[in-house]
Structure formats: C-alpha cells, structure tokens
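Report on the structure
So the chains spell out like this:
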Amino acid sequence: MLVGTWGHQDSESIHYITLGGDGSMRATMQWKDQFKQMFHQDVRSTGTWKVQDGTVLINITTSSD
C-alpha cells in the first residue's frame, strides 16, 4: 500500500518521495521561490526503504545536498 509517489508542500518548497516495490526510494525537494531557485539547487536523494515493526525506515545512500 505504500508503493507509489507521495507529496507534500509548504509555503517554501515542494517535496516528493517515491517508494518502489523493489525497496528503492527516490526523493526530491524543489524551491517555490524564484530567488531561492537561483541560489539553491533542488535536492535529489536516492536510497532504500522498508517497514519494520510498523515504522517506515528510509536509508538515504546518495544525495545532492
């Protein structure tokens, strides 16, 4: 039920996380403000995920931040 792409946004940024059926994970964070976009790159991360004792555990193995 967790496999898929999930998103959230606040006043400054947009976040997406994709949980793959093979245990892979991909996440992105994008700035909404054009000024911040000029000086801060989007953050992209990859890794793995699993459910353990009812808790989602994410291990980030690479990230642009």
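Look above for the structure.
This text gives an overview of the structure that appears in the document. Because the structure is a prediction, the values reported are computed rather than measured.

Details of the pairing of strand β4 (residues 43–52)
Relative to β4, strand β3 (residues 24–31) runs antiparallel, the two being bridged by 6 bridges. In the strand pairing of β4, Met25 is matched with Gly47. Of the pairings in the sheet, the one linking β4 to strand β5 (residues 55–63) comprises 8 bridges and is antiparallel in character. Bridged to Gly47 within β5 is Ile60. Here β4 folds back onto β5, and the loop between the two strands holds 2 residues, one of which, Asp53, carries a positive phi near 55°.

As for the pattern of salt bridges
Side chains carrying opposite charge are able to pair once their charged atoms draw close together. A complete count under the given rule lists 1 salt bridge for this structure. Salt-bridge contacts for Arg44 lead to Asp42; the nearest nitrogen and oxygen are separated by 3.9 Å. Owing to a relative accessible area of 47%, Arg44 belongs among the partly exposed residues under this scheme. Here Asp42 falls in the partly exposed class, since its relative accessible area comes to 27%.

Overview of the side chain of Ser45
As for its placement among the helices and strands, Ser45 is situated in strand β4. Here the side chain of Ser45 touches Ser63 through a polar contact of 3.0 Å, side chain to side chain. When neighbours within four sequence positions are excluded, Ser45 is seen to be in contact with Met25, Arg26, Ala27, Ile60, Thr62 and Ser63.

What counts, and at which threshold
- Residues numbered from 1 in each chain as written.
- Predicted model: local features only at pLDDT ≥ 70, side-chain atom pairs only at ≥ 80, totals over all residues.
- Heavy atoms only, no water.
- Pairing = 2+ DSSP bridges.
- Helix = DSSP H or I, 4+ residues; strand = E, 2+ residues; numbered from the N terminus.
- Salt bridge = Lys/Arg side-chain N within 4 Å of Asp/Glu carboxyl O.
- Buried < 20%, exposed > 50% of the residue type's maximum accessible area, 1.4 Å probe, protein only.
- Polar contact = N/O pair within 3.5 Å; in protein donor to acceptor, adjacent residues only side chain to side chain.
- Contact = heavy atoms within 4.5 Å.

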